[in-house]
Amino acid sequence: MSDGGEINHPALSDEPIHYESLALSVLYDYAGKVLQLRDTHISLGGVTFQFSGDLTRNEDEIHGPVRIWARDVEHARIEALWPEFLKGEDAEVWVVQRMSDGVFESLSVGLDLLVKKHNC
């Protein structure tokens, strides 16, 4: 558990992403080579995002579906949290610019995560 800090990754943002808290819980099934994300969350800009997923580990990569969700997110917070890699996409126009006020009771995103090992 971390009570604040920043994430630096050029694919996410040119600038460091500051967070208020981060908790990572991973169980590893040695026989099945599966990493299980449970009770994992990050708080950014006053919004807590939960993560879960079962990721398969191969020799040089980890991959699998990940679900990210948040509850009761005020629309006013969305623009500051919008990821750099989605700027200019149609989703940004609809969610950030064409909507206003209100509260998203439940937000959910599914993605396929791929982490590869690179030999330096």
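The model shown is predicted, which means the values in this text are computed figures rather than measured ones.

Q: Please clarify how the overall build of the protein should be interpreted in this entry.
A: When you go through the protein residue by residue, the secondary structure sums to two helices and eight strands. Along the protein, helices and strands appear, N-terminal first, in the series β-β-β-β-β-β-β-α-α-β. Structurally, the protein occupies a C-alpha span of about 50 × 30 × 25 Å along its principal axes. Taking all 120 residues of the protein together, 24% fall into the buried category. Partitioning the intrachain contacts of the protein with sequence separation of at least 6 by distance along the chain shows that 40% fall at a separation of at least 24.

Q: It is not clear to me how the side chain of Ser43 should be interpreted in this structure. Could you clarify?
A: For Ser43, the position within the fold is in strand S5 (residues 34-44). Under the relative-accessibility criterion, Ser43 is labelled buried at 8%. If sequence neighbours within four positions are ignored, Ser43 has contacts with Tyr19, Glu20, Ser21 and Thr48.

Q: What's the story with the side chain of His75 in this structure? I'm lost.
A: Inspection of the secondary structure assignment puts His75 in helix H1 (residues 75-81). Given the relative accessible area of 9%, His75 is considered buried. His75 has contacts with Val95, Val96, Met99, Ser100, Asp101, Gly102 and Phe104, leaving out every residue within four places of it along the chain.

Q: When you look at the pattern of salt bridges in this model, what are you seeing that I'm missing?
A: Once the charged atoms of two side chains with opposite charge are near each other, the side chains can pair. Following the criterion strictly, the structure yields one salt bridge and no others. For Asp54, the salt bridge is made with Arg38, and the minimal N-O distance between the two is 2.9 Å. One end of the pair, Asp54, is in strand S6 (residues 47-57); the other, Arg38, is in strand S5, and 16 residues separate them in sequence. A relative accessible area of 36% places Asp54 in the partly exposed class.

Q: Even after reading the chapter, I still don't get the nonpolar core, so can you show me in this structure?
A: Grouped burial of nonpolar side chains is what soluble globular proteins tend to show. If you look at the biggest cluster of nonpolar residues, it comprises 16 residues, and the most contacted ones within it are Phe49, Val73 and Ile78. When residues of this core are traced back to their parent elements, those giving at least two are S5, S6 and strand S7 (61-74). For Phe49, the residues in contact, after removing those within four places along its chain, are Thr40, His41, Ile42, Leu44, Ile68, Trp69, Ala70 and Leu81.

Each value, and the rule that gives it
- Residues numbered from 1 in each chain as written.
- Predicted model: local features only at pLDDT ≥ 70, side-chain atom pairs only at ≥ 80, totals over all residues.
- Heavy atoms only, no water.
- Helix = DSSP H or I, 4+ residues; strand = E, 2+ residues; numbered from the N terminus.
- Buried < 20%, exposed > 50% of the residue type's maximum accessible area, 1.4 Å probe, protein only.
- Contact = heavy atoms within 4.5 Å.
- Salt bridge = Lys/Arg side-chain N within 4 Å of Asp/Glu carboxyl O.
- Core = buried A, V, L, I, M, F, W, Y, C linked by side-chain atoms within 4.5 Å.

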